[in-house]
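What follows is each chain in one-letter form.
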Amino acid sequence: MRDSELRFEVFGSVRAWRGDQELSIGPSKQRAGLALLLLSGGKLVPAKAFHGFLWDLPPANAAGLVQTYVSRLRKIIGRSALVSERAGYRLDVLPDQIDLFRFRALKERAGSVPSGAASLFAAAFAGVSGRPCADLGDHVRSHPLVAEVERELREAAMAYADCGLSGANAEVAHLLEWIATTAPLEERLFSRLIRAYAMSGRQADALITYERIRTSLRDELGIGPGAELRAAYQDLLTQQPHDPRPVQPPSDMFVTRPAPPLSRPPGNAPDAAPAPLVGREVDLSALADAATRHRVVTVVGPPGVGKTALACALLRRGAPMSHEGSAFVDLAGVSRDGAGERGVRADMTSMIMAALRVGQGEQKSTADDSHEEGIATLLEELRDRRILLVLDGAEHVVRSCGQLVTRITHSCPETTTVITSRRPMGLPGEIVQELGPLAFPAPAEPADPVSHPAVELFLKAASRSSTDLDLREVGDACRRLDGLPLALCLAASVPCAGGWSGRVDPVLTELAESVGRSFDLLTTEQRLLLALLSHIPSPFSLEDAERWARAHRLFPTDVAMLLGDLVEHSLVQWQPAPLHRYRILAPIRRTAVTCLSLD
């Protein structure tokens, strides 16, 4: 008997739900195995087909690993849903339970109903939360099955553009911007993007796009534009409606936008940021630039690193694209308990509308009609306004937030969304800006507030000057707190009889609740690996992690994927070349040692 409560996604990250409860699928190889079954849509998948999908060069024990992954998946989604047969494995679910096949059904209907094709294509793409298998690495994404899905997305996007619905030109243009990133030399795609730009009054972007694709074709293939692309360019030149914006070559052709002057102050930024903004000038400039050029920007970092403070500083600075205002929404109060995805989206919609002071934004409802009506009202309000929307603290509602932001991005061409989260959203066109701790002095290095922003922040939070305190003691406190801004502010706020460094242990304890909320978002295997790694001195290598894992019942082949998951959750910091090492910040390490079990 089929489990009708199950539903799956292959667009964006590979995910599964039973009802409103998301299932923990496990490490990336296991998720890749599920992806292959989903892409096959209920057809039998021979055991050996997994080898080429999961590995470039299958290991000697590939057959055993596949059996292990499938056995675990059967426990997670149910033995009746994942059927094991002599010749292989297959999923026994309805096509409507998989987002890819819902997309295909709507796309096929659009092809057979010309009068309603545009609305059917819009509905189809509303369910696309990203590139297929976006979380599974280059090898999986280059597999013919995944490449075919990307080709389907491109063809459907071009068919949507060919519908010629004048009211949807801006939406189509933004969809084509994203799709174009998957095929940078596809002339048919770019000819439609140029026409969509022109029909939505964005002649400057159309001209820039033509010049970029013309240059790419010349440099990459040694050819000139084809007939279809030249025709789109000629139509653009003969049309030439008024466009007051200057034509300036952007750094990113797909998502660049001009920077109009701010016509009124930003909106409802919190009255006080959680911590003083020190040593973040480069980060703030980078965020302002990204928010000017891109539709969705996510600031990612560990708990207490200052993501909210940076977003608030952007609002106070007056982000250049927000000339009609801004809205700050604290998502910490959104609860997943018993609400379901629809209820969470309804809560977020209500909070955004309240921040924008629109209609009855404070009224919440999880009823289907009220939920859709609320989102429709929000989209209508944002559709023609150039707004900077800041969604703060989205790590516990990644799926719901991503779905809502996707709809805003598709329907509201002038809205820019900045998200703060401990992990990326995985959205189409999302720009991720990582925020790390502040620099602090090495053990033998003098603590200088000019050279070390962590010391400067400590002094500012303590309302002291460098001559009032023992800088060696301050430098030791900054070092033991790993330069984490929130921890530094807490340590500096209350003097301790044992000196400033005596505040370190109480602060680490004080941060445990905030850090522990990140642990709730992990799978059992991820929590086990983090518990193991918290006992390894930092920095450590992948080989160190694999040795510890081997002694504690974790497959060494899974450690790299699980470690990557912990890095994505901002619980482990990756130090790139030449070190190629990992480290765990002190508050995270202390909380993991205290709260996580090795059993």
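Calculation criteria
Numbers given to residues run from 1 along each chain, matching the order in which its sequence is written. Residues qualify for local features only when their pLDDT is at least 70, as the model is predicted, and side-chain atom pairs are given and counted only at 80 or more; totals for whole chains, interfaces and linings, by contrast, use all residues. Side-chain descriptors were evaluated using all non-hydrogen atoms of the structure, hydrogens and water having been removed beforehand. Working definition: rings of Phe, Tyr and Trp (its six-membered ring) pair if their centres are within 6.5 Å, and the pair is stacked with planes under 30 degrees apart, edge-to-face with planes over 60 apart, and tilted otherwise. For every residue, the accessible area (1.4 Å probe, protein chains only) is compared with the maximum for its type, and the residue is labelled buried under 20%, exposed over 50%, or partly exposed between those bounds. Placement of a charge over a ring requires the Lys NZ or Arg CZ to be within 6 Å of the ring centre, with the centre-to-atom vector within 35 degrees of the ring normal. Whether two strands pair depends on DSSP finding at least two bridges between them. Numbering goes from the N terminus for both helices and strands, where a helix is a DSSP run of H or I of at least four residues and a strand is a run of E of at least two. Only C-alpha atoms enter the line fits that serve as axes; for helices the fit covers just the stretch in contact. Angles between N-to-C directions range over 0 to 180 degrees. Only residues above 30% relative accessible area that lack a salt bridge enter a patch, with like-charged residues linked at up to 9 Å and the nonpolar side chains Val, Leu, Ile, Met, Phe, Trp and Tyr linked at up to 5 Å. Only the protein chains shown count as cover for residues, and the accessible areas themselves come from Shrake-Rupley with a 1.4 Å probe. Any Lys or Arg side-chain nitrogen located within 4 Å of an Asp or Glu carboxyl oxygen qualifies as a salt bridge. In these notes the angle categories are as follows: under 35 degrees is roughly parallel, over 145 is roughly antiparallel, 65 to 115 is roughly perpendicular, and the rest is oblique. A clockwise turn of the near helix away from the far one marks a right-handed crossing, whereas an anticlockwise turn of less than a right angle marks a left-handed crossing. Residue contacts are defined here by distance: any two heavy atoms, one from each residue, within 4.5 Å place the two residues in contact. Amino acids are sorted into nonpolar (Ala, Val, Leu, Ile, Met, Phe, Trp, Tyr, Cys and Pro), charged (Asp, Glu, Lys and Arg) and polar (every other residue, Gly among them). The nonpolar core is taken to be a set of buried Ala, Val, Leu, Ile, Met, Phe, Trp, Tyr and Cys residues, with the residues joined through side-chain atoms within 4.5 Å. Expected helix span is given by 1.5 Å per residue-to-residue step, counting one fewer step than there are residues. pLDDT gives the predictor's per-residue confidence on a scale running from 0 to 100.

### Some words on the packing of aromatic side chains
Counted according to the given criterion, the structure contains 8 aromatic pairs. Pairing Trp574 with Tyr582 gives two aromatic rings, centres 4.9 Å apart and planes at 50 degrees, and the pair type is tilted. On the accessibility criterion, Tyr582 (14% relative accessible area) is buried. Three or more aromatic residues joined by ring pairs form one cluster here, namely Phe11, Phe103, Phe121, Phe125 and Tyr160. The ring of Phe101 is capped by Arg104, whose NZ or CZ atom sits 5.1 Å from the centre of that ring. The side chain of Arg399 reaches across the aromatic face of Trp17, ending 3.7 Å from its centre.

### Some remarks on the sheet that holds strand β10 (residues 416–421)
If you walk across this open sheet you meet the 5 strands as β8-β9-β10-β7-β11, and the pairing is parallel. On the outer flanks of this sheet lie β8 (326–330) and β11 (431–434), each paired with one strand and no other. Across the sheet, the axes of successive neighbouring strands diverge by a mean angle of 15 degrees, strand direction being ignored. As judged from the 4 bridges shared by strand β7 (residues 296–300) and β11, these two strands associate in the parallel manner. Paired with Val297 across the strands is Ile431, a residue of β11.

### A look at a nonpolar patch on the surface
On the surface, Leu185, Leu221 and Ile223 cluster together to form a nonpolar patch covering roughly 240 Å² of accessible area. Looking at where Leu185 falls in the secondary structure, it is placed in the loop between α8 (169–180) and α9 (187–199). According to the relative accessible area criterion, Leu185 is partly exposed, its value standing at 31%.

### Things to note about the packing of helix α12 (residues 281–293) against helix α13 (residues 307–317)
Angle between the axes and distance between the axes: these two values describe a pair of packed helices. With their axes 10 Å apart at the nearest point, α12 and α13 run at an angle of 65 degrees to one another. By the angle between their axes, α12 is roughly perpendicular relative to α13. Crossing handedness for the pair α12 and α13: right-handed. Note on element contacts: α13 touches α12 through Leu310, Ala311, Ala313, Leu314 and Arg317, opposite Asp283, Leu284, Ser285, Leu287, Ala288 and Ala291. By residue class, the composition of the contact of α12 with α13 is 8 nonpolar, 1 polar and 2 charged.

### Digging into the sheet that holds strand β5 (residues 82–85)
Taking strand neighbours across the sheet as the criterion, the 3 strands line up as β4-β6-β5 in an open arrangement whose pairing is antiparallel. If you trace the sheet from one side to the other, it starts and ends with β4 (45–46) and β5, each paired once. Relative to strand β6 (residues 88–91), β5 is paired through 4 bridges, and the arrangement is antiparallel. From the neighbouring strand, Val83 faces β6, where its bridge partner is Arg90.

### Notes on the nonpolar core
Within the largest apolar cluster, 76 residues are counted, with the highest numbers of intra-cluster contacts made by Phe8, Phe53 and Phe125. Not counting chain neighbours up to four residues away, the residues in contact with Phe53 comprise Ala32, Ala35, Leu36, Leu39, His139, Val140, His143 and Val146. Judged by nonpolar contacts, the second largest core, of 69 residues, contains Val297, Val507, Ala549 and Val572.

### Thoughts on the packing of helix α5 (residues 117–126) against helix α7 (residues 144–162)
Where α5 contacts α7, the two axes come as close as 10 Å, and the packing angle between them is 145 degrees. Crossing of α5 over α7 shows left-handed handedness. When α5 is examined against α7, the residues Ala118, Phe121, Ala122 and Phe125 are found in contact with a partner set consisting of Leu153, Ala156, Ala157, Ala159 and Tyr160. Looking at side-chain class alone, the contact of α5 with α7 contains 9 nonpolar, no polar and no charged residues.

### Regarding helix α16 (residues 398–411)
Side chains three or four residues apart in an α-helix point the same way, a direct result of the helix having 3.6 residues per turn. With 14 residues, α16 extends 20 Å from end C-alpha to end C-alpha; this agrees with the ideal 20 Å at 1.5 Å per step. Of all the 14 residues making up α16, 12 are buried; the element is thus mostly covered by neighbouring parts of the structure. Taken together, the buried positions of α16 are occupied by Val398, Arg399, Ser400, Cys401, Gly402, Leu404, Val405, Thr406, Ile408, Thr409, His410 and Ser411.

### Some details on the confidence of the model for the protein chain
The predicted model of the protein chain has a mean per-residue pLDDT of 81, with 84% of residues at 70 or higher. Mean pLDDT per element in the protein chain: helix α15 (residues 368–382) is the minimum at 76, and β10 is the maximum at 94.

### Some words on the pairing of β8
In terms of residue burial, β8 counts as a mostly covered element, since 4 of its 5 residues are buried. Note that β8 and strand β9 (residues 388–392) share 5 bridges and pair parallel. Of the residues in β9, the one forming a bridge with Asp330 is Asp392.

### Here we look at the environment of Val45
Note that Val45 resides in strand β4. For Val45, a relative accessible area of 3% translates into the label buried. Spatially, the C-alpha atoms of Val45 and Glu85 are 9.6 Å apart, while their sequence positions differ by 40 residues. The residues contacting Val45, other than those within four sequence positions of it, are Leu36, Leu37, Ser40, Phe50, Ala87, Gly88 and Tyr89.

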